[in-house]
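Given next are the chains, with one letter for each unit.
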Amino acid sequence: MQSIVVKPLDFQRVIVDQGLGAVDFKYVFLAEGDSWMERSAVLQGSLPDFLGFLYDARDETVLIVNLAMFGDELRRIGTVQRREFAYWLRQFRYDAVLFSAGGNDYIDAALDPGPGQGILNSFVQGGPPPDAEA
């Protein structure tokens, strides 16, 4: 048997309907986060996918329930996903909980309150950031 990374919507079809359960895997992980956990690019797998390949190469199996959604920000993960995360956290005894967040939050914060005035500074004009001139 190979390792499986499964989204909650597919859990019944991929795991339960196939007669599988958490006990059939050496490790069980829960993954939550942003695009690093979901998919970094259209044609590129996620970190949980690659982790599954690594475990398979060691002849060990891992079941990863992947709640991650590309583009998610920490504030959304903490509010909108709270019920789903809590539900899945109660379903099994996990060997690890994998979490990735921050990149989208950083990009979003760069847009507030305006380009060059938020966390990220714009150097379009070629000069040093305003604080550096003081």
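The structure reproduced in this document is the subject of the present report. (Residues numbered from 1 in each chain as written. Predicted model: local features only at pLDDT ≥ 70, side-chain atom pairs only at ≥ 80, totals over all residues. Heavy atoms only, no water.)

1. Comments concerning the overall build of the protein
Rule in force here: A run of H or I in DSSP becomes a helix once it reaches four residues, and a run of E becomes a strand once it reaches two; helices and strands are each numbered from the N terminus. Exposure classes here rest on a 1.4 Å probe applied to the protein chains alone. A residue is buried below 20% of its type maximum, exposed above 50%, and partly exposed in between. We call two residues contacting when some pair of their heavy atoms lies within 4.5 Å. Methods summary: accessible areas were calculated by the Shrake-Rupley approach with a probe of 1.4 Å, and residue burial reflects only the protein chains presented.
Of the regular secondary structure elements, the protein holds six helices and four strands. Listed by position from the N terminus, the elements making up the protein come as β-α-β-α-α-β-α-α-β-α. For the protein, with 134 residues in total, the buried portion stands at 34%. Restricting to contacts in the protein with at least 6 residues of sequence separation, those with at least 24 account for 72%. In the structure as shown, the protein presents an accessible area of about 8700 Å², 57% of it carried by carbon and sulfur atoms.

2. Notes on the pairing of strand 2 (residues 27-33)
Our working rule: Here, strands pair whenever DSSP counts at least two bridges between them.
Counting buried positions along strand 2 yields six of seven residues, so the element is predominantly enclosed. Bridge count between strand 2 and strand 3 (residues 62-66): five bridges; the pairing is parallel. Considered in strand 3, the bridge of F29 is made with I64. Inspection of the sheet shows strand 2 paired to strand 4 (residues 96-100) by five bridges, in the parallel sense. By the bridge assignment for strand 4, F29 is matched with A96.

3. Description of the packing of aromatic side chains
Aromatic rings in a pair are described by how distant their centres are and how their planes are angled relative to each other. This is how the line gets drawn: Think of it this way: a Phe, Tyr or Trp ring, Trp meaning its six-membered ring, pairs with another when their centres are within 6.5 Å, and the plane angle makes it stacked under 30 degrees, edge-to-face over 60, tilted otherwise. The rule for a charge over a ring is simple: NZ of Lys or CZ of Arg within 6 Å of the ring centre, and within 35 degrees of the ring normal.
Under the criterion given, the structure shown has eight aromatic pairs. Relative to F92, the ring of F11 lies with its centre 5.9 Å away and its plane at 45°, an arrangement referred to as tilted. With F11 in helix 1 (residues 11-14) and F92 in the loop between helix 5 (82-91) and strand 4, this residue pair connects regions lying 81 residues apart in the sequence. A ring pair is formed by Y87 and W88, whose centres lie 5.3 Å apart and whose planes are at 90°; its orientation type is edge-to-face. Members of the aromatic cluster, joined through ring pairs, are F11, Y87, W88, F92 and Y94. The ring of Y55 carries the charged tip of R58 above its face, separated from the ring centre by 5.3 Å.

4. A closer look at the environment of D59
Take D59: it is sitting in the loop between helix 3 (47-57) and strand 3. Sequence separation between D59 and K26 is 33 residues, and the spatial gap between their C-alpha atoms is 9.9 Å.

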